[in-house]
Amino acid sequence: MQTDFRGRDLIGDLDFTKEEVETVLEVAWDLKKKRALGQLHPYLRDKALAMLFFFSSTRTRSSFEAGMAQLGGHGAFIDSTTTQISHGDTTREIGEIFGRYFDGIAIRHCDWKDGNRYLNDVASTSRMPVLNMQCDIYHPFQCLADLMTIQEKKGKDLRKKKIVVSWAYAASYLKPISVPQSVILQMPRFGMDVTLAYPPEFPLMPEIVAQAQEQARLAGSKFEIIDTADGMKESFKDADVVYAKSWGPMMTTTDPEEGKRLQDKYKDWIVDQDKMSVAKPDAIYMHPLPADRDVEVTSEVLDGPNSVVFDQAENRLHAQKAVMALTMN
Ligand code: CP
């Protein structure tokens, strides 16, 4: 068990080693058990977390805020539009000043080419840990909750279990690519065989895919890419975990109208019972939410017996509390 977390940032999924992620999960399960038993666990009594949002949220905001309260501290919700950032507060002001007021700075900034840079710039001037509540490249706390959920459903030894990370159609907006990128980076380290599927215009960042492939090589697991226009169902074959969600075509275009036109070519990339039928009978269906119901995934699958989306959402709370308790104490 590795225990050297105090004061550390979590911005990218590989910032913590596999052994450190295992420690995080052990702490998360302990906190989950304590909450179920009603046992108080005020590891961060009188500590405060700044929660700076440049983008909307249901789960992330609520779970960080509730998590800080359950740890005996306080999560301060800060909507960026109500700050003086647009009037001149730079990343240096945020890092220096929030780092003096708070015991940790959590940030959600998903703007393409800006978000991750912003977090790293704040981290470079903050004396306190910076936690990534989702940027344009990574969503590491979602991924920790995902890993926790997969281990709860499939056992702790995930070697040779197949996870499909598939693009799905959405009509609402061009969603960030951070979730699939985090999942393909983390799961190979735990021995999972990854199949990444998307229509040709929707690849992920090549440097992230290369890092994920290297993690798979080191772990001795498989990493397969299916990038044909009709590859969704094929990718589900014999899957233990189906993780299918939409993301924008950032590698092809950042123009929203062109992106929407590309997205609309693939309306048949919906997760339905027919596609799920080629996965293993006990395959779990995962989505970080919010989902475009009956567009990305049918209600039959989303609300069906193989869906674990609410356990995933719950585990955000426990995984985040574990990281906060380890880094902010
Ligand atoms: N999955 C997730 O991050 O949800 P929110 O966008 O609601 O925070």
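Predicted, not measured: the structure shown is a model, and the values here were computed from it. (Residues numbered from 1 in each chain as written. Predicted model: local features only at pLDDT ≥ 70, side-chain atom pairs only at ≥ 80, totals over all residues. Heavy atoms only, no water.)

What the 4 strands build is an open sheet, ordered β2-β1-β3-β4; its pairing is parallel. Sheet topology places β2 (74–79) and β4 (130–135) at the edges, where each strand pairs with a single neighbour. Going across the sheet, the axis of each strand differs from the next one's by a mean of 15 degrees, ignoring polarity. (Pairing = 2+ DSSP bridges. Helix = DSSP H or I, 4+ residues; strand = E, 2+ residues; numbered from the N terminus. Axes fitted to C-alpha atoms, helices over the stretch in contact; angles between N-to-C directions.)

Turning to the pairing of β2, a few remarks are in order. Where strand β1 (residues 48–53) meets β2, 6 bridges bridge the pair, whose relative direction is parallel. Paired with A50 across the two strands is A76, which belongs to β2.

It is worth spelling out the domain arrangement of the protein chain at this point. The assigned domain composition of the protein chain is domain 1 (13–139 + 316–328) and domain 2 (142–312). Computed over C-alpha atoms, the centres of domain 1 and domain 2 are 25 Å apart. Each side of the interface is counted separately: domain 1 has 26 residues, and domain 2 has 31 residues. For the pair domain 1 and domain 2, the summed buried surface comes to about 2500 Å²; carbon and sulfur atoms form 66% of the total. (Domains from an automatic or database assignment. Contact = heavy atoms within 4.5 Å. Buried area = accessible area lost by both parts, 1.4 Å probe.)

Okay, unusual backbone geometry next. Following L289, the chain continues to P290 via a peptide bond in cis, the omega torsion being 5 degrees. Counting through the fold element by element, P290 comes out in the loop between β9 (284–286) and α11 (299–302). Here D46, not a glycine, exhibits a phi torsion of approximately 70 degrees, which is positive. Tracing the sequence through the fold places D46 in the loop between α1 (18–37) and β1. Take D46: its relative accessible area is 72%, and that puts it in the exposed class. With a phi angle near 70 degrees, K160 is a residue other than glycine that sits in the positive phi range. Relative to the helices and strands, K160 is located in the loop between α5 (140–154) and β5 (162–167). (Buried < 20%, exposed > 50% of the residue type's maximum accessible area, 1.4 Å probe, protein only.)

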